[in-house]
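The chain contents come next:
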Amino acid sequence: MIQDTSLPHSAQASGPPSRYSLWTGLMPLIFVMLLGVLGGVGVFTFGYGKGASYLSNNPLTCANCHIMQDHYDSWLNSGHRHVAVCNDCHLPHHPIGKWITKADNGFFHSLAFTLENFHEPIQIKPRNRRVTQNACLACHEDFVHATLSAEPGGEMLSCVHCHSNAGHAHR
């Protein structure tokens, strides 16, 4: 018997393609479809949740969530409204720390509000309390130097312990 060598070996084989070749052929298509679905959900969520507003420094952004409306209203009645916005007190002043904290808080706030898994009234986390304390010290260092700990890393009273109405009046 004479073998036809004009076709490549793979074209000479008869029968259906193997499962492996079907799977490897579909894998890029499945990946692109999954990426498209995830991207679409992400774009929709970003738009629906007013995501672009969180990139700004506008205090109204904080009132996007109904649970923050009382905090926003109390800030409007505070003495700080003339000199500080939400980001000044609730985010680190260093640009990298600011965006890391903003991303971290944004993710966990979105998750908690979407799943309705948060304490009412909303409470500040210890890490964010430290950010706020550092913001107080950064702006008021000339006035509070006497209250700072003499030892590095030593204990000192939290500013909001005595000044709880400073940023949010009548709370």
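1. A look at the overall build of the chain
Within the chain one finds 7 helices and 0 strands. Order of helices (α) and strands (β) in the chain, N terminus to C terminus: α-α-α-α-α-α-α. For the chain, the proportion of its 171 residues judged to be buried stands at 18%. Taking contacts inside the chain between residues at least 6 apart in sequence as the whole, the part at least 24 apart equals 55%.

2. A short note on the packing of aromatic side chains
Tallying each qualifying case throughout the model produces 4 aromatic pairs. A ring pair is formed by Phe44 and Tyr48, whose centres lie 5.8 Å apart and whose planes are at 15°; its orientation type is stacked. One end of the pair is Phe44 and the other is Tyr48, both in helix 2 (residues 19-48) and 4 residues apart, which spans about a single turn. Residue classification places Phe44 among the exposed positions, given a relative accessible area of 56%. With centroids separated by 5.0 Å and ring planes inclined at 80°, the aromatic side chains of Phe107 and Phe108 adopt a geometry described as edge-to-face. A residue is classified by how much of its surface remains accessible, and Phe108, at 37% relative accessible area, is partly exposed.

3. A few points about a nonpolar patch on the surface
Taken together, the side chains of Leu26, Leu29, Ile30 and Met33 present a nonpolar region at the surface, about 380 Å² in accessible area. Take Leu26: it is sitting in helix 2.

4. Comments concerning helix 3 (residues 69-76)
Of the residues making up helix 3, those classed as buried are His71, Tyr72, Ser74 and Trp75. Projected onto a plane normal to the axis of helix 3, the buried residues spread over an arc of 165° and lie on a single side.

5. Considering the pattern of salt bridges
Enumeration over the complete set of coordinates arrives at 1 salt bridge. The shortest N-O distance in the salt bridge between Arg127 and Asp104 comes to 2.5 Å. Here Asp104 lies in helix 5 (residues 95-115) and Arg127 lies in helix 6 (residues 126-144), a separation of 23 residues in the sequence. On the accessibility criterion, Arg127 (29% relative accessible area) is partly exposed.

6. Side note on the environment of Asn64
Relative to the elements of secondary structure, Asn64 occurs in the loop between helix 2 and helix 3. On the basis of relative accessibility, which here comes to 27%, the residue Asn64 falls in the partly exposed class. In sequence terms Asn64 and Gly51 are 13 residues apart; their C-alpha atoms lie 10.0 Å from each other.

About the cut-offs
Residues numbered from 1 in each chain as written. Predicted model: local features only at pLDDT ≥ 70, side-chain atom pairs only at ≥ 80, totals over all residues. Heavy atoms only, no water. Helix = DSSP H or I, 4+ residues; strand = E, 2+ residues; numbered from the N terminus. Buried < 20%, exposed > 50% of the residue type's maximum accessible area, 1.4 Å probe, protein only. Contact = heavy atoms within 4.5 Å. Phe/Tyr/Trp six-rings, centres within 6.5 Å; stacked < 30°, edge-to-face > 60°. Patch = residues over 30% accessible without salt bridge, like charges linked within 9 Å, V, L, I, M, F, W, Y side chains within 5 Å. Areas by Shrake-Rupley, 256 points an atom, 1.4 Å probe, with all protein chains shown as cover. Salt bridge = Lys/Arg side-chain N within 4 Å of Asp/Glu carboxyl O. Arc of directions from axis to C-beta.

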